[in-house]
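The residues making up each chain are set out below.
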Amino acid sequence: MSQPRLQETGQGSFYGDYLYERIVPRGHFLRKLRELVPWQRYTGRLLKYYRGKGKRGRPPIDPAIVLKMLLLSYLYNLSERQTEEFCNMHLAAKFFLGLAIDERPPDHATLSVFKRRLLENGKVRAYERLLQQVVADAREAGISFGSLQLVDSTHSVADVNVAKERQRDKGGEEPRDPDARWGTKRQYTVTDKDGGSSKRRRTFYGYKDHVSFNVEAQMITGVIVTPGNAYDGHYLIPLLKRDLAQGIPVEVCAADRGYDDTENHYWLQQRGIGDAIHLSRHRTKKKDANKEVWFRLKAQPWYRPALRERYQIERKFGEAKKHHGLGRCRYLRWERRVVQAHLTAIALNLKQWVRSLTGVSLRGPSLIRT
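The following paragraphs examine the structure supplied in this document. (Residues numbered from 1 in each chain as written. Predicted model: local features only at pLDDT ≥ 70, side-chain atom pairs only at ≥ 80, totals over all residues. Heavy atoms only, no water.)

Focus: the overall build of the chain
Applicable threshold: Each helix corresponds to a stretch of at least 4 residues labelled H or I by DSSP, and each strand to a stretch of at least 2 residues labelled E; elements are numbered beginning at the N terminus. Burial classification: accessible surface area is computed with a 1.4 Å probe over protein chains only, and a residue below 20% of its type maximum counts as buried, one above 50% as exposed, and the rest as partly exposed. Working rule for contacts: check all heavy atoms of both residues, and any pair within 4.5 Å makes them a contact. Working definition of accessibility: Shrake-Rupley area with a 1.4 Å probe, residue cover restricted to the visible protein chains.
For the chain, the helix and strand inventory stands at 17 helices and six strands. Scored against the burial criterion, the 370 residues of the chain give a buried share of 50%. Counting only contacts in the chain whose residues sit at least 6 apart along the sequence, the fraction spanning at least 24 positions is 66%. For the chain, the exposed area adds up to about 18,700 Å²; of that, 47% sits on carbon and sulfur atoms.

Here's the deal with the pattern of salt bridges
Formally: Put simply, a salt bridge is a Lys or Arg side-chain nitrogen that is within 4 Å of an Asp or Glu carboxyl oxygen.
Following the criterion strictly, the structure yields 21 salt bridges and no others. For Asp159, the salt bridge identified is with Arg176, shortest N-O distance 3.7 Å. Here Asp159, found in the loop between strand 1 (148-157) and helix 9 (162-170), pairs with Arg176, found in the loop between helix 9 and strand 2 (181-191); they are 17 residues apart in sequence, far enough to count as distant. Note on Arg176: relative accessible area 39%, which makes it partly exposed. Measuring nitrogen to oxygen at the nearest pair gives 3.5 Å for the salt bridge that ties Arg328 to Asp159. Of this pair, Arg328 sits in the loop between helix 15 (311-324) and helix 16 (334-358) while Asp159 sits in the loop between strand 1 and helix 9, placing them 169 residues apart in sequence. Assessed through its relative accessible area of 24%, Asp159 is described here as partly exposed. Three or more residues joined by partner-sharing salt bridges are found here, namely Glu21, Arg26, Arg31 and Glu35.

Observations regarding the packing of aromatic side chains
Here is the rule: For Phe, Tyr and Trp, where Trp contributes only its six-membered ring, two rings pair if their centres lie within 6.5 Å, and the inter-plane angle classes them as stacked under 30 degrees, edge-to-face over 60, or tilted in between. By definition here, charges over rings are those cases where NZ of Lys or CZ of Arg is within 6 Å of the ring centre and within 35 degrees of the ring normal.
Per the stated rule, a full pass over the model turns up five aromatic pairs. What links up through ring pairs into an aromatic cluster is the set Trp39, Tyr42 and Phe96. The aromatic ring of Phe95 is capped on one face by Arg34, whose charged end is 4.2 Å from the ring centroid. For Arg283, the ring lying beneath its charged end belongs to Trp294, and the centroid distance is 4.3 Å.

Remarks on unusual backbone geometry
One non-glycine residue, Asn77, adopts positive backbone phi at about 55°. With respect to the secondary-structure elements, Asn77 resides in the loop between helix 4 (63-75) and helix 5 (80-89). One non-glycine residue, Arg333, adopts positive backbone phi at about 80°. Classification of Arg333 by relative accessible area gives partly exposed; the value is 40%.

Notes on helix 3 (residues 40-47)
Along an α-helix, residues three or four positions apart point the same way, because every turn accommodates 3.6 residues. To keep it simple, the criterion reads: The arc refers to the directions leading from the helix axis to the C-beta atoms.
Taken together, the buried positions of helix 3 are Tyr42, Thr43, Leu46 and Leu47. All buried residues of helix 3 fall inside an arc of 125° around its axis, so they share one side. Packed against the buried residues of helix 3 are helix 4, helix 7 (108-122) and helix 8 (125-141).

Side note on the side chain of Arg31
Note the following rule: Here a polar contact means two N or O atoms within 3.5 Å. Within protein one must be a hydrogen donor candidate and the other an acceptor candidate, and residues neighboring in sequence count only if both atoms are side-chain atoms.
Inspection of the secondary structure puts Arg31 in helix 2 (residues 29-36). Of the residues examined, Arg31 reaches a relative accessible area of 1% and is grouped as buried. In this structure the side chain of Arg31 is engaged in a polar contact, spanning 3.4 Å, whose partner is the side chain of Glu21. Ignoring sequence-local partners within four residues, the contact set of Arg31 consists of Tyr20, Glu21, Val24, Pro25, Arg26 and Phe95.

A short note on the packing of helix 4 against helix 7
Let me state the cut-off plainly: Axes here refer to lines fitted to C-alpha atoms; in helices the fit is confined to the stretch in contact. Angles between the N-to-C directions go from 0 to 180 degrees. For classification purposes, angles smaller than 35 degrees are called roughly parallel, those larger than 145 roughly antiparallel, those between 65 and 115 roughly perpendicular, and all remaining angles oblique.
One way to put it is that helix 4 packs onto helix 7 with a least axis distance of 10 Å and a crossing angle of 105°. Taken together, the axis directions place helix 4 and helix 7 in an arrangement best described as roughly perpendicular. Touching Pro63, Val66, Leu67, Met69 and Leu70 of helix 4 are Thr110, Leu111, Phe114 and Lys115, all from helix 7.

Comments concerning the environment of Tyr207
Residue placement: Tyr207 occurs in strand 3 (residues 197-214). For the pair Tyr207 and Trp334, spaced 127 residues apart in the sequence, the C-alpha separation amounts to 8.0 Å.

A few points about the pairing of strand 6 (residues 274-277)
Put simply, the test is: Paired strands, in this sense, are two strands between which DSSP finds at least two bridges. We call a crossover right-handed when, viewed with the strands running away from us, the connection from the first strand over the helix to the second turns clockwise.
Where burial is concerned, the two faces of strand 6 agree: the one with Gly274 and Ala276 and the one with Asp275 and Ile277 are both buried. Relative to strand 6, strand 5 (residues 252-255) is paired through four bridges, and the arrangement is parallel. Directly across from Ala255, in strand 6, lies its bridge partner Ile277. Between the parallel pair strand 5 and strand 6, the chain is carried across by helix 11 (residues 262-270), and the sense of this crossover is right-handed.

Thoughts on the nonpolar core
Heads up, the rule is: To define a nonpolar core, start from buried Ala, Val, Leu, Ile, Met, Phe, Trp, Tyr and Cys residues and group those joined through side-chain atoms within 4.5 Å.
Counting residues in hydrophobic clusters, the biggest one holds 107 residues, and the most contacted among them are Leu33, Leu72 and Leu236. When residues of this core are assigned to their parent elements, the largest contribution, eleven residues, is made by helix 16. Residues within four places of Leu236 in sequence aside, it is in contact with Val151, Cys253, Ala255, Tyr259, Asn264, Leu268 and Ile277.

Geometry only, nothing functional implied.
Encoded structure:
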């Protein structure tokens with residue numbers, strides 16, 4: 001069977017491994033990331049989305065190099081133009097990519113073509129598979145996945161000017177991002193001067209990322225992206241089905257009140273998965289005999305301990321928004337938001353992979369630009 005033909009990188013030359021071994025510290029995060037992850041597997045996994053699969057026509061750049069370059073963009077929260085400059089100027093980044101010192105990295109346009117190629121030839125499923133493959137490789141490398149799975153959602157604002165969007169709507173014009181929708185961040189109660197109270201909502205215009213997260217591994221195992229007005233409760237079952245299909249040993253699932261849906265409780269019960277969905281007050285306050293089942297659920301030994309761990313997925317969301325740009329869409333349209341959400345999840349998982357097995361952490365993005 002013929003092997004794919006790829007562009008030469010000069011990695012084995014004098015300007016490749018020899019100099020890098022003398023320059024890049026042994027404990028550098030990107031050295032560890034290069035050593036721990038079986039990047040060579042991703043060449044074949046990604047070439048299936050290329051015309052000719054690298055066996056015909058002009059030899060392509062190794063798609064694993066392009067993927068690694070894209071992940072640097074998300075790890076350090078850089079635009080793709082900034083990533084091109086970063087990879088050209090920083091030796092540790094070139095070493096991570098597998099390029100000789102005197103080789104230029106792919107340009108930012110190559111990154112755009114790569115993302116589009118995956119969407120056109122593999123649809124959003126291509127990015128879902130990438131995340132699943134990283135999780136599988138992490139498990140094979142020795143990352144332990146436990147029995148407690150958390151499900152939650154986080155919002156991201158669309159890359160639009162909301163005031164101008166309202167003007168477009170009034171004028172009957174096509175919205176800048178037609179897939180984005182208004183959603184509710186949270187509800188809160190306001191007390192007026194007369195002592196009365198009213199409920200208010202904090203809203204956003206954009207998308208939701210529905211996420212499944214393994215507590216022991218501290219890794220994201222699944223992501224589903226929806227418009228901002230989607231009901232959270234509809235996405236617990238699809239996320240857990242993906243987790244179980246990957247072999248994640250889910251025994252207990254915890255989630256907030258947004259997932260307190262009878263169908264979710266029934267599905268967990270039928271599959272013998274511990275139900276730690278935070279119950280809404282009406283479950284135990286209603287005046288009928290059916291509320292006893294909810295009291296029994298709250299008395300289960302796993303219920304309260306599992307709910308106390310929910311902060312961990314919220315902390316992961318905070319990390320993703322503060323350091324990796326998840327809070328605002330990089331691109332327009334739902335499909336491209338899927339790309340951002342999955343590449344961010346992969347970047348977070350890679351950080352955790354290196355930290356878990358070596359104790360080495362990624363430096364903050366502000367440090368990398370100095």
